[in-house]
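The lines below spell out each chain.
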Amino acid sequence: MNIILFGPPGAGKGTQAQQIVNKYNYFQLSTGDLLRDEVKRNTDLGKQIEEKISKGNFVSDEIVNELLKKTIKDLKFRDRIIFDGYPRTIEQSKNLDIILKEFDEKIDLIISLHVPREIIEKRIEGRLICEKCNTTLNKFFNEEEIKMHPCGADRFIKRKDDNSETLMNRYDIYTQTTKPVIDFLSQKSFFHEIDGTLKISEITNKINTFLNV
Ligand code: AMP
């Protein structure tokens, strides 16, 4: 079963993808990672890619498709791919069908994690870290856990790495660019939107019911 996983930054897509990878032995195909790997190799192609990525522009379909094909044709990933960061446009969605057909594969499941903007904002703004044991909790959502924390509630400090402006900006770009793709794909019978504000384990259970059929 090949899967497309959609979700804005901060929706918990990484957490859910990881559980699918571990439990069902899947391969997470992130086009962003594939492109960054190419940049690291410092090839001519890598240089072209870097120019696009650094400006926040999309890399051309021609390049992305070639990188995708390399993974899709690898038999060890057959029917075990989670597409992450692809497709980002309707054109890419059509391309994906064509590429998969070429290798006699298809998409069987599409999951879109939906989290409203104001919740993402609270998730980012409320993140606290215990300076002693590094546990991360949220002042808006984990009031009780913070109070009962063994290291003491006063040990929680604001996480330094949170750059809320950049994250919210990425959220807005995600919504603008992927909404048409999600609307287009939501007509498929195997498209499922999941409420990303549920508990992590509840989301995992829902995803697993789709995978266990
Ligand atoms: P990501 O790690 O998914 O946020 O992707 C990082 C960057 O890689 C994006 O900002 C784009 O420049 C490029 N990129 C990733 N996926 C795609 C794609 N499907 N099509 C075009 N460019 C992409």
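Before reading further, recall that the structure is shown in the block above.
Residues numbered from 1 in each chain as written. Predicted model: local features only at pLDDT ≥ 70, side-chain atom pairs only at ≥ 80, totals over all residues. Heavy atoms only, no water.

Considerations on the layout of surface pockets
Applicable threshold: Each cavity reported here is a set of points on a 1 Å grid over the protein atoms alone in which a 1.4 Å probe fits but cannot get out, each pocket an open set with protein on both sides within 12 Å along at least five of seven lines, and each lining residue one with an atom within 4 Å of a point. Grid points are joined across faces, edges and corners, and a volume is the space filled by probe spheres set on the points. Here a helix means four or more residues in a row that DSSP labels H or I, a strand means two or more in a row labelled E, and each is numbered from the N terminus.
The computed volume of the second largest pocket comes to approximately 230 Å³. If you go around the second largest pocket, you meet 13 residues; those closest to its centre are His114, Tyr174, Thr175, Lys179 and Ile182. Secondary-structure elements contributing two or more residues to the lining of the second largest pocket are strand 4 (107-114) and helix 8 (164-185).

Digging into the packing of helix 5 (residues 90-102) against helix 8
To keep things clear, this is the line we draw: As a rule, the C-alpha atoms of each element are fitted with a line to give its axis, helices using only the stretch in contact, and angles between N-to-C directions run from 0 to 180 degrees. Throughout this description, any angle smaller than 35 degrees is read as roughly parallel, any larger than 145 degrees as roughly antiparallel, any in the 65 to 115 degree range as roughly perpendicular, and the remainder as oblique. By the convention used here, residues are in contact when the closest approach between their heavy atoms is within 4.5 Å. Residue polarity is assigned by list, with Asp, Glu, Lys and Arg as charged and Ala, Val, Leu, Ile, Met, Phe, Trp, Tyr, Cys and Pro as nonpolar; anything else, Gly included, falls into the polar class.
Where helix 5 contacts helix 8, the two axes come as close as 8 Å, and the packing angle between them is 45°. Judged by the inter-axis angle, helix 5 sits oblique to helix 8. In this structure, helix 5 contributes Ile90, Ser93 and Lys94 to the contact, and helix 8 contributes Pro180, Val181, Phe184 and Leu185. Residue classes in the contact of helix 5 with helix 8 are distributed as five nonpolar, one polar and one charged.

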